[in-house]
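Residue-level structural notes
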Amino acid sequence: MFISLIPLHACWAKKGPDIYKLASQSVYLVEVFDQSSTKPISKGSAVALSHDTLVTNCHVLTNGFRFYIADDEDHFVATVLKHFYSQDVCLLLVQGVKLHPSSYKSSNQVAIGDQAYALGSPLGLSRSFTQGIISQKHFINGNVYYQTDSDIYPVSSGGGLFDENANLIGITSAAILPKESQGAIGMAISIDLLIPYINGNRFSEMKDEPPSPSNLQQANLKKLIRQRSNILNRM
């Protein structure tokens with residue numbers, strides 16, 4: 001008698017539309033205004049970590065004075081709760097709406113070759129969804145970064161990277177465009193540094209690290225990746 005063995009993860013994994021339905025509830029468009037502008041000076045994405053707190057990349061908020069979270073046609077005022085500039089991670093606090101945080105998973109539960117789904121707002125096109133895999137895991141600045149072939153566009157910063165069960169595993173942070181290639185290398189920082197604060201909604205305990213020349217230099221992920229690539233190419 002022939003018995004077909006199906007890997008357990010295949011039984012648990014969700015289909016693309018189901019992943020999108022779950023994950024998209026926690027991803028929002030961020031609109032950034034300066035003191036005088038009536039139109040956004042930039043846009044990005046943010047992912048809900050609790051019912052009133054979101055995470056985005058600090059560089060999304062650059063030169064901003066007023067910030068709004070957009071959920072379809074509704075807009076809500078957001079304020080910066082915490083800066084963690086050396087990792088390019090900032091937290092936003094929003095009032096007037098109950099956010100829908102996603103479940104999450106640490107990097108030690110993510111393997112190279114796992115399915116990965118990116119959700120963000122390239123060019124302001126909110127909740128755009130792409131599929132790929134975890135191509136590699138890099139240890140940079142004391143944190144794990146995922147390299148993925150899920151399409152992460154240069155203006156998708158602050159969006160979410162999710163696994164096959166719609167668990168949040170990373171924040172999409174950069175799209176690196178090699179000169180020799182037409183395609184971009186997508187990078188996302190793992191949520192490992194945020195997990196201690198997600199548990200128990202303890203974001204107020206997270207240290208506030210304002211911008212400084214050294215922090216901004218440390219957070220320049222594209223430059224760090226290119227430096228690492230140059231080192232590897234010379235080996």
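Everything below is about the structure shown above.
Residues numbered from 1 in each chain as written. Predicted model: local features only at pLDDT ≥ 70, side-chain atom pairs only at ≥ 80, totals over all residues. Heavy atoms only, no water.

1. Some points on the sheet that holds strand E2 (residues 42-48)
Read around the closed barrel, six strands run E1-E2-E3-E6-E5-E4, paired in antiparallel fashion. Across the sheet, the axes of successive neighbouring strands diverge by a mean angle of 40°, strand direction being ignored. (Pairing = 2+ DSSP bridges. Helix = DSSP H or I, 4+ residues; strand = E, 2+ residues; numbered from the N terminus. Axes fitted to C-alpha atoms, helices over the stretch in contact; angles between N-to-C directions.)

2. Structural notes on the environment of tyrosine 85
Inspection of the secondary structure puts tyrosine 85 in the loop between strand E5 (74-84) and strand E6 (89-94). Since its relative accessible area comes to 16%, tyrosine 85 is described here as buried. For the pair tyrosine 85 and asparagine 57, spaced 28 residues apart in sequence, the C-alpha separation works out to 8.7 Å. (Buried < 20%, exposed > 50% of the residue type's maximum accessible area, 1.4 Å probe, protein only.)

3. Some details on the packing of aromatic side chains
Inspection of every chain in the model, using the stated rule, returns three aromatic pairs. Taking 5.4 Å as the distance between ring centres and 80° as the angle between the ring planes, the aromatic pair formed by phenylalanine 33 and tyrosine 68 counts as edge-to-face. Placement of phenylalanine 33 in strand E1 (residues 27-33) and of tyrosine 68 in strand E4 (residues 66-71) is noted, with a sequence separation of 35 residues between them. Joined through ring pairs, the aromatic side chains of Tyr20, Tyr117 and Phe129 make up one cluster. Its guanidinium or amino end placed over the ring of tyrosine 28, arginine 127 lies 5.5 Å from that ring's centre, counting from NZ or CZ. (Phe/Tyr/Trp six-rings, centres within 6.5 Å; stacked < 30°, edge-to-face > 60°. Lys NZ or Arg CZ within 6 Å of the ring centre and 35° of its normal.)

4. Observations concerning the state of the cysteines
Tallied over the full model, the rule gives one disulfide. What pairs with cysteine 58 in a disulfide is cysteine 90, and their sulfur atoms sit 2.1 Å apart. Its S-S torsion of approximately 100° makes the covalent link between cysteine 58 and cysteine 90 right-handed. Highlighted residues: cysteine 58 in the loop between strand E3 (53-56) and E4 and cysteine 90 in strand E6, separated in sequence by 32 residues. (Disulfide = S-S within 2.5 Å.)

5. Quick word on the sheet that holds strand E7 (residues 115-120)
Read around the closed barrel, six strands run E7-E8-E9-E12-E11-E10, paired in antiparallel fashion. Between one strand axis and the next, the sheet turns by 45° as a mean value, whatever way the strands run. Taken together, the three bridges between E7 and strand E10 (residues 160-162) define a ladder with antiparallel strand orientation. Among the inter-strand pairings, tyrosine 117 is bridged to a residue of E10, identified as phenylalanine 162.

6. Quick look at the side chain of serine 107
Note that serine 107 resides in the loop between E6 and E7. Owing to a relative accessible area of 7%, serine 107 belongs among the buried residues under this scheme. The contact partners of serine 107, leaving out residues within four places of it in the chain, are Lys137, Val144, Tyr146, Ser190 and Asp192. (Contact = heavy atoms within 4.5 Å.)

7. A few points about the side chain of histidine 138
You can see histidine 138 is positioned in strand E8 (residues 128-140). Looking at histidine 138, its side chain comes within polar contact range of the side chain of glutamine 147, at 2.8 Å. (Polar contact = N/O pair within 3.5 Å; in protein donor to acceptor, adjacent residues only side chain to side chain.)

8. Quick notes on the nonpolar core
Ranked by size, the top nonpolar core spans 25 residues in total, and within it Leu49, Val55, Leu91, Leu168, Ile171 and Leu194 carry the most contacts. Counting only elements with at least two residues in this core, the list comes to E6, strand E11 (168-176), strand E12 (185-190) and helix H3 (195-198). Broken down by element, the residue count for this core peaks at four residues, all from E11. Formed by 18 residues, the second largest nonpolar core is a distinct cluster that contains Val30, Cys58, Val60 and Leu92. (Core = buried A, V, L, I, M, F, W, Y, C linked by side-chain atoms within 4.5 Å.)

9. Some thoughts on unusual backbone geometry
The backbone of aspartate 88 shows a phi angle near 60°, a positive value even though the residue is not glycine. According to the relative accessible area criterion, aspartate 88 is buried, its value standing at 10%. Of note, alanine 166 is a non-glycine position whose phi angle comes to about 65°, a positive value. One can find alanine 166 in the loop between E10 and E11. Looking at alanine 166, the relative accessible area reads 4%, which means it is buried.

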